[in-house]
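Architecture and fold: a report
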Amino acid sequence: CHVVVECLSSLLWFLQSSFQPGMKLEVANKSSPDTYWVATIITTCGQLLLLRFSGYGEDRKADFWCDVMTAELHPVGWCAQNDKALMPPEAIKEKYSDWTEFLVQDLTGSRTAPANLLEGPLRGKNTVDLIVEGSVLELQDVSDPFLYWPVRVIQNVGGRLRLRYAGLSEDLQAQDTWLFYLDVRLRPLGWAPENRLTLEPPTELRSVKSAADWQQALEDARLDAQKSPLPLEVFKDHVDLPKHSFKMGMKLEMVSPWEQLKICPVSVTKVYNEIYFQVTLDDLSVDAKPRFVVCHANSPGILPVQWCLKNGVGLERPRGYEGQDFDWADYLKQSGTEAAPDACFPDAWQSRGFAKDMWLEAVNPHRPVEVCVAQITQVRGRLLWLRLEGVAKPLSECIVDVDSMDIFPVGWCEANAYPLTPPLKPVCQKQKKIAVVQPEKQSAPSQPLEMTPVNHCQPVAMDPGSANGRYCCSKIFVNHRCFSGPYLNKGRIAELPQAVGPGKCTLVLKELLSMLINAAYKPGRVLKELQELEDPSWDCQEETLKAKYKGKTYRSTIRIVRLADQIPDFCRKVCVKLQCCPNLFSPVLVTDKCPENCSVQTKTKYSDAYYYGKKRKLSKPMGGEEAAEGELAKPTRRRKKRKAIFVQKKRRSSAVDYTPAGSPQPSDFPQDSDEGEEDEALQSGSEGNSSEPRDDHTDASSVEVTSSRPRRAATLRRAVSMVNATGSSQEASEGRRRSTRSLSAYNQSDSKYQPPKGQDVEEEEGQLVLDRNPLEWTVDEVVQFINSTDCASLANIFQEQDIDGQALLLLTLPTVQECMDLKLGPAIKLCHQIERVKVAFYRQYAN
């Protein structure tokens, strides 16, 4: 969790900005030089901000992006301090008569963007980057929760801070403390006095200096903090500690802070307040020396009584305990105490997906400056048993909590340019250099395997000297200006970060492909296309990706290259597969003009035919026949065989049955054969080869129709306002029932529409007469109408793109060709039917 929140880890590629939506700032007005206006942050993407000038309200048409590092942005009040003019944009200049009063109301109660994030050395930095060398914080004493003392940041490694107490010189660097910046012991300077807490040096260091020297050190720390104050945004992700319910004398189990591989009985010996309490190690010996630690309700390592027994873990007997076997019931009875209730503890069974034999990077508890390669040897509830590679026994094993801030994913050190302690020797014998990917597929890679937390295979060998370079890549850029093709939504592509990486090849590519799937018009279709991507020359690793669409979740296994030198070829072939510009995402940054000149190319340029000199082959039919290589793929009514894509569907009321996800039966993809026929019908319709109305309609709510046509109906509907309210639920229900009937009532001989019984449309004197305003037509009613014409083969397009009555009336010939990818002949035929509806609408309802 701390790596997710910290968001600087290059493995997770999650851009987060210190700016927050809703913040106000002053921006240069491009339409009027030397003037400025107040703007609101709508959303952020790294150092990019999406802004909207005040006065536009909810109108998004004038939203614009700017780069914090290059744009002229200032905090609210800057214009008044520098005698600059505040003037609204010309487009809304006449909207309000008194802009001064408007600004007062608009800024009242709003949050302004911090000045130090817009100007100076901290400009445009991420949250963790704000903590620079020399920053001053306050650190809670390890043995007294009411004592704090200033510390200086000596080093910042991806949010992991090396801290030195104020007043200590470099000669005493052995006293430095390593903590993650989200640790609850860290507070901004001045927090302790504001909360009536004491500022005193740590108990164990007080004798190092005199009281006067410590006081001088405190003053120096305050002066340093004033020169370069630490923004409060650093602490925005700190979690407030909950209240505990422990009482004096209660017994519990705890991972020993002094011996990292032991779980011991401890007692609550002091309750400081509703947040903090003290636990002491149980010691019944005569020469016992109390060993205690300060805890809170979320302290890692505290466990309820009998936890070890229930999890099959050995519990250390208290020192001096008489008896061979330790029994909690007898122990509580003899001591006259009670066990702490289970409700006092955090969820003791939350493993957060960790499993035995996974690899990660972990801090050596005996040398906090050292981060080691580590393997999980066992998982019990919230606790992980780790074996630290490269550390001599018996200090090579320890127990950590799943929420420990001392564990990190594989590659974290490399992403943050910090040395990683490698294993002392290979972790397996030579003959075991094989990774079993799946039971039905086995491969023997030609290169040594590296240690990686992959679910499908057990890592068996590692070459510390060369693995990082070969299996890790630099940045992969998302070139937003390049042509996005028929599968990907241009607007969603624009919201993606500019680059992903550097880091481990498979992790970088997995994250990038996940972003592309989420940016698709139909994620399930893109997932299917990626599933078919393969090359015999690639050294691949199989990863499971998923896509969500219309309440269903699709999962598929995708082959991803593992070697850095194969990434350019992999990226290019993925782009070709998705029919977008080969530079849409690439290891090469396209700064100005794309080398492919994709801005002036047509969609058909970026097909497999362009790059490989042949049409894309159809999927293998059920009969086992394949289209010959180089042969033109023609529409067919044959069923297509699909690779298994497992679907999880949200519960909804539907008459269509489906099989739960994970079933090996063909019904994992509901009504797969009908969907294949629909795909082919769409192809046939686009060529103008089919004019028969269809009777076999499939419930679109239960089938993912694979098509590359983008969803444009929402854009069309935004161009017109709602004229009348939608009909009652009873009418909508009746419309859905009507849409399932056969509507093949069009007489082609005289081109006259003859609606069946019950249809709310009729012909009068050669003209179409409507009994219902088409502005109120639902998608089903539109499909019903199209099915009743000689364009019935195109009805599925309307269902697929959610075109209702409003969108239907906005369709024109250019729009139909662009949105539906139809050739001129079928498009003209379809527009003829749409024009009939428009004429009837203008005649009957326009006035």
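Small disclaimer: the values here were computed from a predicted structure and weren't measured.

Okay, the overall build of the chain next. A tally of helices and strands in the chain yields 23 helices and 36 strands. Here the chain, with 847 residues, has 49% of them falling under the buried criterion. Sequence-distant contacts in the chain: of pairs separated by 6 or more residues, those separated by 24 or more amount to 62%. Of the roughly 41,600 Å² that the chain leaves accessible, carbon and sulfur atoms contribute 50%.

Attention now moves to the sheet that holds strand E27 (residues 499-500). In spatial order, the strands read E27-E26-E31; together these 3 strands make up an open sheet with antiparallel pairing. The open sheet has two edge strands, E27 and strand E31 (585-586), and neither has a second partner. The pairing of strand E26 (residues 476-478) with E31 spans 2 bridges and is classified as antiparallel. Within E31, the residue paired with Val478 across the bridge is Phe585.

One pass over the structure, following the stated rule, counts 30 salt bridges. Taking the shortest distance from any N to any O, the salt bridge between Glu389 and Arg387 comes out at 3.1 Å. A residue is classified by how much of its surface remains accessible, and Arg387, at 27% relative accessible area, is partly exposed. Residues participating in the shared-partner salt-bridge network are Arg162, Arg164 and Asp176.

The strand order across the open sheet formed by 5 strands is E21-E20-E19-E18-E22, and the pairing between neighbours is antiparallel. The sheet is open, and its two borders are formed by strand E21 (397-401) and strand E22 (407-408), each paired with just one other strand. In this structure, strand E20 (residues 383-388) lies alongside E21, joined through 5 bridges in antiparallel fashion. Directly across from Leu386, in E21, lies its bridge partner Cys398.

Mapping Gln541 onto the fold places it in strand E29 (residues 540-549). Looking at Gln541, its side chain comes within polar contact range of the side chain of Glu543, at 2.6 Å.

Three or four residues apart is the spacing at which side chains of an α-helix point the same way, because the helix has 3.6 residues per turn. Taken together, the buried positions of helix H14 (residues 567-577) are occupied by Ile567, Phe570, Cys571, Val574, Cys575, Val576 and Lys577. Of the residues trailing H14, Gln579 is marked for its positive phi of about 60 degrees.

Moving on, we get to the pairing of strand E3 (residues 48-53). Burial analysis of E3 places 5 of its 6 residues in the buried class, which makes it a mostly covered element. Where strand E2 (residues 35-45) meets E3, 6 bridges bridge the pair, whose relative direction is antiparallel. The residue bridging Ile41 from the neighbouring strand is Leu51, located in E3. The sheet contact formed by E3 and strand E4 (residues 64-67) spans 4 bridges and is antiparallel.

For the chain, the mean per-residue pLDDT works out to 74, and 72% of the residues sit at or above 70. This model gives residues 6-16 a pLDDT under 50, and the stretch forms 38 contacts once residues within four places in sequence are excluded.

Counting residues in each nonpolar core, the largest one holds 61 residues, and the members touching the most others are Phe19, Leu25, Leu49, Leu51, Leu73 and Tyr181. It is strand E8 (residues 147-157) that provides the largest number of residues to this core, a total of 5 residues. Leu513, Leu533, Tyr554 and Ile560 belong to the second-largest nonpolar core, a separate cluster that totals 45 residues.

Secondary-structure assignment places Thr177 in strand E10 (residues 177-180). Residue contacts for Thr177: discarding those within four places in its chain leaves Leu161, Arg162, Leu163 and Tyr165.

Another aspect to go through is the state of the cysteines. With the rule as written, the count across this model stands at 0 disulfides. For Cys598, which is in no disulfide, the shortest distance to another cysteine sulfur is to Cys581 and amounts to 3.7 Å. The exposure class assigned to Cys598 is buried, which follows from its relative accessible area of 4%. Sulfur of Cys831: no disulfide; nearest cysteine sulfur belongs to Cys791 and is 9.0 Å away.

Looking now at helix H12 (residues 505-518). A rise of 1.5 Å per residue sets the reference length of H12, with its 14 residues, at 20 Å; its end C-alpha atoms lie 20 Å apart and thus fit the reference within 8%. Along H12, the positions that sit buried rather than exposed are Cys505, Thr506, Val508, Leu509, Leu512, Leu513, Met515, Leu516 and Ile517.

Glancing now at the packing of aromatic side chains. According to the stated counting rule, one finds 23 aromatic pairs in the structure shown. Between Trp37 and Trp99, the ring centres sit 5.3 Å apart and the planes meet at 90 degrees, which makes this aromatic pair edge-to-face. Taken together, the residues Trp37 in strand E2 and Trp99 in helix H3 (residues 99-107) connect sequence positions 62 residues apart. With respect to class, Trp37 is no different from Trp99; both count as buried. Centre to centre, the rings of Phe146 and Tyr272 are 5.8 Å apart; their planes meet at 90 degrees, and the pair counts as edge-to-face. Of this pair, Phe146 sits in the loop between strand E7 (136-140) and E8 while Tyr272 sits in the loop between strand E14 (263-271) and strand E15 (276-281), placing them 126 residues apart in sequence.

The subject of this paragraph is the side chain of Lys838. Relative to the helices and strands, Lys838 resides in helix H23 (residues 824-844). Accessibility expressed as a relative area gives 9% for Lys838, which makes it buried. Ignoring any residue separated from it by four or fewer positions in sequence, one finds Lys838 in contact with Leu808, Leu809, Leu811 and Thr812.

Burial of strand E16 (residues 292-296) is extensive: 4 of the 5 residues sit out of reach of the surface. Sheet analysis places E15 next to E16, joined by 5 bridges and oriented antiparallel. Of the residues in E16, the one forming a bridge with Tyr276 is His296.

Okay, unusual backbone geometry next. Positive phi values are uncommon outside glycine, yet Asp357 reaches one of about 75 degrees. Relative to the helices and strands, Asp357 is located in the loop between helix H8 (328-335) and strand E18 (359-364). The exposure class assigned to Asp357 is partly exposed, which follows from its relative accessible area of 30%. The phi dihedral of Asn597 falls on the positive side, at around 55 degrees, and the residue is not glycine.

Conventions and cut-offs
Residues numbered from 1 in each chain as written. Predicted model: local features only at pLDDT ≥ 70, side-chain atom pairs only at ≥ 80, totals over all residues. Heavy atoms only, no water. Helix = DSSP H or I, 4+ residues; strand = E, 2+ residues; numbered from the N terminus. Buried < 20%, exposed > 50% of the residue type's maximum accessible area, 1.4 Å probe, protein only. Contact = heavy atoms within 4.5 Å. Areas by Shrake-Rupley, 256 points an atom, 1.4 Å probe, with all protein chains shown as cover. Pairing = 2+ DSSP bridges. Salt bridge = Lys/Arg side-chain N within 4 Å of Asp/Glu carboxyl O. Polar contact = N/O pair within 3.5 Å; in protein donor to acceptor, adjacent residues only side chain to side chain. pLDDT = per-residue confidence, 0-100. Core = buried A, V, L, I, M, F, W, Y, C linked by side-chain atoms within 4.5 Å. Disulfide = S-S within 2.5 Å. Expected span 1.5 Å × (residues − 1). Phe/Tyr/Trp six-rings, centres within 6.5 Å; stacked < 30°, edge-to-face > 60°.

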